[in-house]
Structures are given as structure tokens and as C-alpha cells.
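Overview (structure and organization)
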Amino acid sequence: MTPREESLKAALRTGAKVHLRFPFASDEAAYESLRAESGEFLTKWEPRPPDSELSAFERLLETANTTRSRRMLVVLNETAEIAGQVSLNEIIRGPLQQCFLGYWTGKRFARWGIMTEAIPLALQEAFGTLGLARVEANIQPHNEASIGLIEKLGFRREGYSPKYLQIDGSRADHVRYAMLADEFAEQYPSLVVRRSNG
């Protein structure tokens, strides 16, 4: 089986350009290379990694598929190259049934429309497979590209959160967006799937 066939076989969700899957141990070199070449491009938007003996990739493997998180690689269908990551973080059960959306694209894949396809596929996981009621996305107010993307995808702006999150060592304001399960069903009827018990 070729790497492309192996990646597509493991896909959780597949779109026209990309598919989402959990990381393989064999992805380490490609993942670390993409993160390294995109470091300056991504640092200003992300929290500093926690102090840990584990590498970023080892932390990804540990947290990729747990009760608290689903962290999926965004992989190009044609070449099986890793182009980024989309995550459903801090999954909260009980009355809330919510998670927090996170995503990034490697610098060389920016503006390819990759996340325009990948995020709805991740929402399909959130509202379908996980049966969540709400997905929240928090974005720095000067991240115009990310705000434009999330609004284009149908997220509603809910509010403004001063000093919401530590980003690169400082507390940063964020704009809060959300999408509900019924809003997703209205906007993406072809992606609506039955809830599973998983």
C-alpha cells in the first residue's frame, strides 16, 4: 500500500482536496518539518507549548484521540502531504456538550482554500460523530484572515474576550465565535451525519 493509499484508508472525513485523519507515528519527520518551516508564520497566533519532555509531535500523538480532544491532520488527497491540523479541543460533556476549535495551515499551503474545506469536515466530526451541541472558535481581533475564514464558514460572532488567552507569552484579546449543531445542519445539509454512540 502506498503512503497515499494508507492515508486515505485512515481518513475520518474526506473532501474534494483534503482528508482528515489522526497522526501516524511515521508522520513525525514531515510534521516537524512543516512546523519548523512555518514557525515564524504561526508563532504570533499560538500559545507557547507547555514545558514538557515530550516533543510537539509526541504530545500530538498522545492527545489526538481522547475523551477531551480530537486532533486531526489535514492531508492533501493527491499527494498525501500534511498541510496543517484541525483540532476539537477541551471537549465538554454534560449539559454543555461543547468543544473549542483550533486550526493551523503550514506557510506554504496558506491561501490554498484548505481550511475552507477542512473545518466543515471537522465540524461534521464534532456534531455527527461526537454529538456535540456547540463549537466555539476564539480568534485574535487583528487576525483578519482567520476571522474572514470563520465568518465565511457561517460562525456567529458572540462577543469579545479581553486578555482571553496566553499567546506567545502574553495575554491576548480574542473575538468569540460559535456554531450550533442546528446551524451546521442548516448550512451544511450534505455533511449532516447521524449521531454515533462513540
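Our structure's up above, just so we're on the same page.
**With respect to the pattern of salt bridges**
Counting across every chain of the model gives 10 salt bridges. Between glutamate 81 and arginine 108 there is a salt bridge; the shortest N-O distance is 3.2 Å. Residue glutamate 81 is found in the loop between strand E3 (70-76) and strand E4 (82-92), and its partner arginine 108 is found in the loop between strand E5 (98-105) and helix H5 (114-129); the two are separated by 27 residues along the sequence. The partly exposed category is assigned to glutamate 81, whose relative accessible area is 31%. Ionic contacts of the salt-bridge type, sharing partners, join the residues Arg134, Glu136, Arg156, Glu158, Arg176 and Glu183 into one network.

**Quick notes on the nonpolar core**
Among the nonpolar cores identified, the biggest contains 49 residues, and Leu101, Ile119 and Phe155 are the most heavily contacted of them. With 9 residues, H5 is the single largest residue contributor to this core. Filtering out sequence-adjacent residues up to four positions away, isoleucine 119 remains in contact with Val86, Leu101, Tyr103, Leu149, Ile150, Leu153 and Phe155.

**A look at the packing of aromatic side chains**
Under the defined criterion, the tally for this structure stands at 5 aromatic pairs. With a centroid separation of 5.5 Å and an interplanar angle of 55°, the aromatic rings of tyrosine 31 and phenylalanine 57 are classed as tilted. Of the two residues, tyrosine 31 is situated in helix H2 (residues 28-37) and phenylalanine 57 in helix H4 (residues 56-63); the sequence distance between them amounts to 26 residues. Of the two residues, tyrosine 31 and phenylalanine 57, both sit in the buried class. Aromatic pair phenylalanine 109 and tryptophan 112: ring centres 5.0 Å apart, planes at 85°, arrangement edge-to-face. When its relative accessible area of 2% is taken as the criterion, phenylalanine 109 is described as buried. Given a relative accessible area of 45%, tryptophan 112 falls into the partly exposed group. Members of the aromatic cluster, joined through ring pairs, are Tyr31, Phe57 and Trp104. The ring centre of phenylalanine 24 lies 3.9 Å from the NZ or CZ of arginine 21, which sits over that ring. The cationic tip of arginine 35 hangs over the ring face of tryptophan 104; the distance from NZ or CZ to the ring centre is 4.6 Å.

**So, the sheet that holds strand E1 (residues 13-14)**
Within a beta sheet, neighbouring strands are joined by backbone hydrogen bonds and run either parallel or antiparallel to one another. Taken in spatial order, the 8 strands line up as E1-E2-E3-E4-E5-E6-E8-E7 in an open sheet, and their pairing is mixed. Among the strands making up the open sheet, the edge pair consists of E1 and strand E7 (156-167). Here H2 sits on the sheet and contacts E3, E4 and E5; the angle it forms with E4, its principal contact strand, is near 95°.

Reading guide: rules and limits
- Residues numbered from 1 in each chain as written.
- Predicted model: local features only at pLDDT ≥ 70, side-chain atom pairs only at ≥ 80, totals over all residues.
- Heavy atoms only, no water.
- Salt bridge = Lys/Arg side-chain N within 4 Å of Asp/Glu carboxyl O.
- Helix = DSSP H or I, 4+ residues; strand = E, 2+ residues; numbered from the N terminus.
- Buried < 20%, exposed > 50% of the residue type's maximum accessible area, 1.4 Å probe, protein only.
- Core = buried A, V, L, I, M, F, W, Y, C linked by side-chain atoms within 4.5 Å.
- Contact = heavy atoms within 4.5 Å.
- Phe/Tyr/Trp six-rings, centres within 6.5 Å; stacked < 30°, edge-to-face > 60°.
- Lys NZ or Arg CZ within 6 Å of the ring centre and 35° of its normal.
- Pairing = 2+ DSSP bridges.
- Axes fitted to C-alpha atoms, helices over the stretch in contact; angles between N-to-C directions.

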